[in-house]
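Each chain is listed here by its residues.
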Number of protein chains: 2
Amino acid sequence: MIRVALDVLGGDAAPEAPLEGALAALARWPDELSIALVGPEALLAPRMSAFPSDRVELIEADQRIEPSEAPVLAVRRKPGSTIVRGLEAVRDGRADAFISAGSTGAVMAASVLTLGVLPGVDRPPVGALVPTERGRVLVLDVGANIHVRPHQLHQFAHLGSIYVRASLGKRRPRIGLLNVGEEERKGDESAVAAYALLSDDPAIDFVGNVEGHQIIAGAVDVLVCGGFVGNVLLKFYESMAGFILGILRGSGVADVADVADLDRMLRFLDYAEVGGAPLLGVDGVVVICHGSSPPRAIENALRAAIDSVTSGMVAEMRSALRGLRPAGAREGAES
Amino acid sequence: MIRVALDVLGGDAAPEAPLEGALAALARWPDELSIALVGPEALLAPRMSAFPSDRVELIEADQRIEPSEAPVLAVRRKPGSTIVRGLEAVRDGRADAFISAGSTGAVMAASVLTLGVLPGVDRPPVGALVPTERGRVLVLDVGANIHVRPHQLHQFAHLGSIYVRASLGKRRPRIGLLNVGEEERKGDESAVAAYALLSDDPAIDFVGNVEGHQIIAGAVDVLVCGGFVGNVLLKFYESMAGFILGILRGSGVADVADVADLDRMLRFLDYAEVGGAPLLGVDGVVVICHGSSPPRAIENALRAAIDSVTSGMVAEMRSALRGLRPAGAREGAES
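1. Thoughts on the overall build of chain A
- When helices and strands are tallied, chain A shows twelve helices and eleven strands.
- Sequence-distant contacts, at least 24 apart, represent 70% of the contacts inside chain A between residues at least 6 apart.
- Of the accessible surface of chain A, which amounts to about 12,700 Å², a share of 50% is contributed by carbon and sulfur atoms.

This is the structure we're talking about:
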């Protein structure tokens, strides 16, 4: 039985979306999942009767960190927040994983402060599982690391590879480096140096540079990139389905019945459906959901958390990254 | 009458696509356009009878630069190439503009070497007119400047603003800075510094940072960004229409008749249809077309070239950028 701490105050649709997602997941995985609801007792106590009492507990937390707050400051000022309390439960072994649809920055900052970072990781990246023509690609980093150095991209490749193996069951994930051309000398100095690190590493299956138009074809399972371009790409992707649906609606090609079908069909483009964005490289399992996550996204994130815990992903990352340390340390000293 | 030098050997579908595009454009704009076909006489002479003799001439050039060649080297090694000969015609006043669907890098390098760069421009950016929910947005740079400094982004804003005014007829184009958040302190140091330069400049209508999901909504007319992220974004965008069309086809929602309609409809997403990508900041009008440009894309590029020449765009850029020079020089000296 895996116990997941769930932030009840996180996201635009809190507390309803997290609570509904929790109920659905508990019904769906009766033998695997128990949940610690992290939120104000006054809010939660009256609702506990809806939950199976042997598989749900309550962790008191009466502060909410707003997405507009500066992350590190908010985490320090609000020790009683759902984000801090939930992560403390993971640190103290009272929960196996933490899920929040709250402030991404605050979850990242609190994860680093509370759980700590795995040896060999400079700064944990956030990954997003983006749908392609051939399954999903884990794009990382999508926003945590705006400045990124070559050895960090190398770390991302290992973290991503292990995550994809654990969560998608791919034996030997193909790793690509996002770049502006296929040749190894393409891109900025950071990309060229990262290419060399990745291609020299026999522990990962590096297939080379991936250009913008190759992402959607599903050329790789893990796409390594800096947080700036990753963030822009992910947000752009999210907006495309609605845009094209709008064109179809306006065109008269799709009639009214069709549009409902199209809506349903294109919904799979919504990456929030997949199970949230894993924060990788911290000493624990943390899943960050989109602020607008519906119950179904929370439910899927709970599934992803179960898989991450049962696969022993964090232990595997710890051992894989230990070997990378010297390179990271050497390069870090230059800056 | 505007005279455009057209690279007959440029692109995957050369010489057919350039020649067919030229014929169509000559028929469409009989009072505005004349063309200098740049290519081998042996190839072109037998075909000249198809063209109106008073509006077409031939510029001999018997070398072709391949997209795989290193641009600067290729330009130096092949002085008789269509790219070099066509740009020399512009430099010498024998043509008003140059269009090529050949190697982007070679066109850029040869433009800088042959035409020169406008005072106040460090390195010319390439723009792409990307369709949005509200018209098109000029994204620049989309690949010429992988390393980009804040004052260059400032230059791009002026170049883009003038181009959009000239080609799309927008009186006061809205300028946005591509970033990972709306707040002015978001992004890397380069983005933060560029934000300050752009918001302090009364000569442009800077509306602030634009995130990935806001691009498609048409929030701005000009989106300023570094060449790395711009290149990834553009290529990704190009691949999306085909991807979504594939989903619709596979779904059974769209029947066979519908699919033809969808194809036609989504074709407007193809940015190559718009009229190529302008190379801005060189002392002349240069339009770079996608390597896979069909005749229609060449025809549209000819229209864009006519508009750029008749608007007096280059003269306006020269005068606008002169004012920026001190800032550029100051910052350039730091690096």
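Picking up after the structure, the text goes on.
2. Overview of the sheet that holds strand E2 (residues 33-39) of chain B
All names here are of chain B.
- Pairing is mixed in the open sheet, where six strands are placed in the order E3-E2-E1-E4-E11-E10. The open sheet has two edge strands, strand E3 (56-60) and strand E10 (277-279), and neither has a second partner. Each strand axis lies, on average, 25° off the axis of its neighbour in the sheet, ignoring direction.
- In this sheet, strand E11 (residues 285-288) lies alongside strand E4 (residues 97-100) in parallel orientation, the contact comprising four bridges. Bridge pairing in E11 places Ser 100 opposite Ile 288.
- On the sheet, helix H1 (residues 16-28) packs against strand E1 (2-7), E2 and E3 and is oriented at approximately 165° with respect to E2.
- The strands that helix H10 (residues 295-310) touches are E1, E2, E4 and E11; relative to E1, the one it contacts most, it runs at about 140°.

3. A word on the environment of Ser239(A)
- Here Ser239(A) is to be found in helix H8 (residues 227-251).
- For the pair formed by Ser239(A) and Val287(A), sequence separation is 48 residues and the distance between their alpha carbons is 22 Å.
- Sequence-distant contacts of Ser239(A), that is, excluding residues within four places in its chain, are made with Gly212(B), His213(B) and Ile216(B).
- Polar side-chain contacts of Ser239(A) include one of 2.7 Å to the backbone oxygen of Phe236(A).

4. Some points on the packing of aromatic side chains
- Tallying each qualifying case throughout the model produces five aromatic pairs over all chains.
- Centroid distance Tyr195(B) to Phe206(B): 5.2 Å. Interplanar angle 80°. Geometry classified as edge-to-face. Of this pair, Tyr195(B) sits in helix H7 (residues 189-199) while Phe206(B) sits in strand E8 (residues 205-210), placing them eleven residues apart in sequence. Both residues of the pair, Tyr195(B) and Phe206(B), belong to the buried class.
- For Arg303(A), the ring lying beneath its charged end belongs to Trp29(A), and the centroid distance is 5.1 Å.

5. A short note on H10(B)
Residues and elements named next belong to chain B.
- Taking 1.5 Å as the rise per residue, H10 with 16 residues should run 22 Å; its terminal C-alpha atoms sit 23 Å apart, in good agreement.
- The set of residues buried in H10 consists of Ala 297, Ile 298, Glu 299, Asn 300, Ala 301, Leu 302, Ala 304, Ala 305, Ile 306 and Ser 308.
- Trailing H10 by a residue or two, Gly 312 shows a phi angle of about 70°, which is positive.

What counts as what
Residues numbered from 1 in each chain as written. Chains lettered and ligands numbered in written order. Predicted model: local features only at pLDDT ≥ 70, side-chain atom pairs only at ≥ 80, totals over all residues. Heavy atoms only, no water. Helix = DSSP H or I, 4+ residues; strand = E, 2+ residues; numbered from the N terminus. Contact = heavy atoms within 4.5 Å. Areas by Shrake-Rupley, 256 points an atom, 1.4 Å probe, with all protein chains shown as cover. Pairing = 2+ DSSP bridges. Axes fitted to C-alpha atoms, helices over the stretch in contact; angles between N-to-C directions. Polar contact = N/O pair within 3.5 Å; in protein donor to acceptor, adjacent residues only side chain to side chain. Phe/Tyr/Trp six-rings, centres within 6.5 Å; stacked < 30°, edge-to-face > 60°. Buried < 20%, exposed > 50% of the residue type's maximum accessible area, 1.4 Å probe, protein only. Lys NZ or Arg CZ within 6 Å of the ring centre and 35° of its normal. Expected span 1.5 Å × (residues − 1).

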